[in-house]
Amino acid sequence: MRIIDRLKSNELISAFLDLSGNPKACVCTEPLWYIPYNLFIPFATVYMFNLGLNDSQIGLIASIGMVLQMFSAFLGGVITDKFGRRKTSFVVDVISWSIPCLLWAFAQNFWWFLAAASLNSILHICSNSWNCLLVEDCDKSKLVNVFSMIQMCGLFAVFIAPLSALLVDHFSLIPVVRCLYIFSCLSMTTKFYLLYRFSTETKQGIKRMEETKHVSIFKLLAGYKDVFFKMIRSRAMLIVLLVMVSYHVTDTTTLNFFGIYATQTLHVPDSYLAIFPIIRAAIMLIFILMFQARINRLPYRPVMLCGYGLFMLSHILLLIAPHENPFYLMFYTLVEACSLVCIVPRKDSLNALFVDEQERSRVSGLIFMTMVGVASPFGWIAGLLSSVDRRFPFILNIVIFVIVSIAVLCSKEITMLDRKIRDGE
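Residues numbered from 1 in each chain as written. Predicted model: local features only at pLDDT ≥ 70, side-chain atom pairs only at ≥ 80, totals over all residues. Heavy atoms only, no water.

Peer 1: Explain the overall build of the protein chain here, please?
Peer 2: Looking only at helices and strands, one finds 22 helices and zero strands in the protein chain. Scaling as 2.2 N^0.38, a compact globule of 425 residues should have a C-alpha radius of gyration of about 22 Å, and the protein chain matches this with 21 Å. Among the 425 residues that make up the protein chain, the fraction classed as buried is 56%. Considering only contacts within the protein chain whose residues lie at least 6 apart along the sequence, 87% involve residues at least 24 apart. (Helix = DSSP H or I, 4+ residues; strand = E, 2+ residues; numbered from the N terminus. Rg over C-alpha atoms; globule rule 2.2 N^0.38 Å. Buried < 20%, exposed > 50% of the residue type's maximum accessible area, 1.4 Å probe, protein only. Contact = heavy atoms within 4.5 Å.)

The structure is reproduced here in structure tokens:
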């Protein structure tokens, strides 16, 4: 009973128990996406490598996917407004995840992966609609906690990853990953259906559907011009763009090239690739459950700068890592995990707080479009850098976070937000 009482007294757990409506539906269904994702993602690029793709081809697919994501993100706000947050999320999720998982499962060469990446690229349409579904009817004071819960869903799911490592170790990588992709298709499709079944259209969503009911998509797209100029004149939105772009670029680079660097350069066995996400998740869960509630009450700037500093330190540790020493990489993973619990909830919260509520879907669409458009060349660039020296993509990450750290340090908008937090507003 004491353990139960202590759990209930935890701020995050208490906030979860108090959730209702769309935020609860979004949070509770997330594990059905995160579990399969964390089963296959440690082996995704190594799977491609084993099927004959080289570093440059992997980077090229990442860049083409990002370019296509830019166009889908541009359409995202309009589609979300016209068809509603709920319906858009369901239909686009199936197209962008369920079908690509089948293509990845039966992939034979570069063209299969390119086709899967092309379909997967429309994910930013549902990123927009899902984000609106999550936050529009949610109390603003609970946003950081809600995003921390979403992060925790992913972390809990990571503990399923040892199963894929055991399977890869016992059988072989290619047939195991093929089966994981088939399972992912089934699990993710179930998630998409359940979210559609137990969610409701948001108040703002209903309003925008009514306002756009008799307006053509082309006319709605033309309306982006005014929204775009309003957005780029806002210093707050520019800092949001920089924070999101920097995270997207560095996350994509690490996701695509850590596995290859660890196995091909540091000569770590393939089966260990599933172990590192588990360590990362364990550290992040401990951090979130024990310290996140306190950190959520702190000003944004020092927490974000601490996160960026830890991220750069983790990459320096990765660059000097000795060969054939997976235990050293576990230390790198520990430091990186501490950085992410500082960065990710605040990145998402800044986006939710600084976006104009009346134009959330279109502004979010423009943010995703700009984010992906700026980031799109970096997959190809990172692939070229990796083909020269597999350490170079991680040096690129360090440079990017040095730049964004300076911007966060100098941002007047974050200063104003921190003053509000300090004054209890």
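Having put the structure on the table, let's press on.
Peer 1: What is the right way to look at the pattern of salt bridges in this model?
Peer 2: Pairing between side chains of opposite charge can happen when their charged atoms approach one another. All told, the structure shown has eight salt bridges when counted by the stated rule. Between Asp81 and Arg85 there is a salt bridge, with the nearest N and O atoms lying 3.0 Å from each other. Each member of the pair Asp81 and Arg85 is classed as buried. In this structure, Glu211 engages Arg208 in a salt bridge whose closest nitrogen and oxygen atoms are separated by 2.7 Å. A residue pair is termed a helical-turn pair when its members lie 3 or 4 positions apart in one helix, as Glu211 and Arg208 do in helix α13 (residues 203–211) at three residues. Note on Arg208: relative accessible area 10%, which makes it buried. (Salt bridge = Lys/Arg side-chain N within 4 Å of Asp/Glu carboxyl O.)

Peer 1: I keep staring at the packing of aromatic side chains and nothing clicks. Help me out?
Peer 2: Under the criterion given, the structure shown has 17 aromatic pairs. Here the aromatic rings of Tyr261 and Phe394 are separated by 5.3 Å at their centres, their planes lie at 50°, and the arrangement is tilted. Of this pair, Tyr261 sits in helix α16 (residues 235–265) while Phe394 sits in helix α21 (residues 392–410), placing them 133 residues apart in sequence. An aromatic cluster is built from Trp33, Tyr34, Tyr37, Phe40, Tyr47, Trp97, Trp104, Phe113 and Tyr181, whose rings are joined through pairwise contacts. (Phe/Tyr/Trp six-rings, centres within 6.5 Å; stacked < 30°, edge-to-face > 60°.)

Peer 1: Where do I start with a nonpolar patch on the surface in this structure?
Peer 2: There is a patch of nonpolar side chains on the surface, built from Leu102, Phe106, Trp112, Ile182 and Leu186 and spanning about 460 Å² of accessible area. Looking at the element boundaries, Ile182 is found in helix α12 (residues 173–198). Relative accessible area serves as the criterion here: at 34%, Ile182 is assigned to the partly exposed category. (Patch = residues over 30% accessible without salt bridge, like charges linked within 9 Å, V, L, I, M, F, W, Y side chains within 5 Å. Areas by Shrake-Rupley, 256 points an atom, 1.4 Å probe, with all protein chains shown as cover.)

Peer 1: I keep staring at α21 and nothing clicks. Help me out?
Peer 2: Two residues of an α-helix separated by three or four positions point the same way, owing to the 3.6 residues in each turn. A rise of 1.5 Å per residue sets the reference length of α21, with its 19 residues, at 27 Å; its end C-alpha atoms lie 28 Å apart and thus fit the reference within 8%. Along α21, the positions that sit buried rather than exposed are Pro393, Phe394, Leu396, Asn397, Ile398, Ile400, Phe401, Val404, Ser405 and Val408. (Expected span 1.5 Å × (residues − 1).)

Peer 1: Could you clarify how one ought to interpret the nonpolar core in this entry?
Peer 2: One recurring pattern in soluble globular proteins is that nonpolar side chains are buried together. Residues Phe40, Trp97, Phe113, Phe258, Tyr308 and Leu329 are the most contacted members of the largest nonpolar core, which totals 138 residues. Leave out the neighbours within four places in its chain, and Leu329 touches Phe258, Ala262, Leu266, Val268, Phe276, Leu318 and Ala321. (Core = buried A, V, L, I, M, F, W, Y, C linked by side-chain atoms within 4.5 Å.)

Peer 1: Help me out: how do you make sense of the side chain of Glu30 in this one?
Peer 2: In this fold, Glu30 is placed in the loop between α3 (21–29) and α4 (31–40). For Glu30, a relative accessible area of 7% gives the class buried. Reaching out from Glu30, the side chain makes a polar contact with the side chain of Lys191 at a distance of 3.0 Å. Not counting residues within four places of it along the chain, the set of residues in contact with Glu30 comprises Trp130, Ile150, Cys153 and Lys191. (Polar contact = N/O pair within 3.5 Å; in protein donor to acceptor, adjacent residues only side chain to side chain.)

Distances and angles like these do not, on their own, reveal function.
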